[in-house]
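Residue strings, one per chain:
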Amino acid sequence: MKRLRFRLAISRPELLQYYQGRVASLSVMTEQGLRLQVPLHHFRPFVGHDGLNGRFEIELGSGNQFHRLLRL
């Protein structure tokens, strides 16, 4: 299992544009220096009134398939 960490700070107005269908995934740069495309729906449990903020860890299984996303 591969674990990668990254930070996000997306304001609520900016995030609303994503959910209006203009963007299907977020491109994030991990602390390990890798760029990932993560489908936006994986972030829904972490969206608050102020947007999407925090430090996250994504777990990837075999073939780099999404397994789990956690807020640290």
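Counting restarts for each chain: residues are numbered from 1 in the order of the written sequence. Predicted model: local features are reported for residues with pLDDT of at least 70 only, side-chain atom pairs are reported and counted for 80 or more only, and whole-chain, interface and lining totals are derived from all residues. Excluding hydrogens and water, the side-chain figures rest on all heavy atoms present in the structure.

## Let's talk about the overall build of the protein
Going by this rule: A helix here means a DSSP run of H or I that spans at least four residues, while a strand means a run of E at least two residues long, and both kinds are numbered starting from the N terminus. Exposure categories follow from relative accessible area, calculated using a 1.4 Å probe and restricted to protein chains: below 20% of the type maximum is buried, above 50% is exposed, and the middle band is partly exposed. When checking whether two residues touch, look at their non-hydrogen atoms; a contact exists if any pair is within 4.5 Å. When charges are tallied, Lys and Arg are placed among the positive residues and Asp and Glu among the negative ones, while His and the ends of the chain are skipped. Charge positions come from single atoms, namely NZ of Lys, CZ of Arg, CG of Asp or CD of Glu.
Counting its secondary structure elements, the protein contains 1 helix and 5 strands. The dimensions of the protein, computed from C-alpha atoms along their principal axes, are 35 × 20 × 20 Å. The buried share of the protein, reckoned over its 72 residues, is 32%. Across the protein, contacts joining residues at least 24 apart in sequence account for 53% of those joining residues at least 6 apart. The averaged location of the 5 negative side-chain charges in the protein is 3 Å from the averaged location of its 11 positive side-chain charges.

## A short note on the packing of aromatic side chains
Just so we agree on the cut-off: Here is the rule: rings of Phe, Tyr and Trp (six-membered ring for Trp) pair when centre to centre is within 6.5 Å. Planes less than 30 degrees apart are stacked, more than 60 are edge-to-face, and the remainder are tilted.
A complete count under the given rule lists 4 aromatic pairs for this structure. Taking the centre distance of 6.3 Å and the plane angle of 75 degrees together, the rings of Phe 6 and Phe 43 count as edge-to-face. Pair noted here: Phe 6 is in strand E1 (residues 2-11) and Phe 43 is in the loop between strand E3 (35-39) and strand E4 (51-60), with a separation of 37 residues, a long-range link. Taken together, a centroid distance of 5.8 Å and an interplanar angle of 20 degrees make the contact between Phe 6 and Phe 56 stacked. With Phe 6 in strand E1 and Phe 56 in strand E4, this pair connects stretches of sequence that are 50 residues apart.

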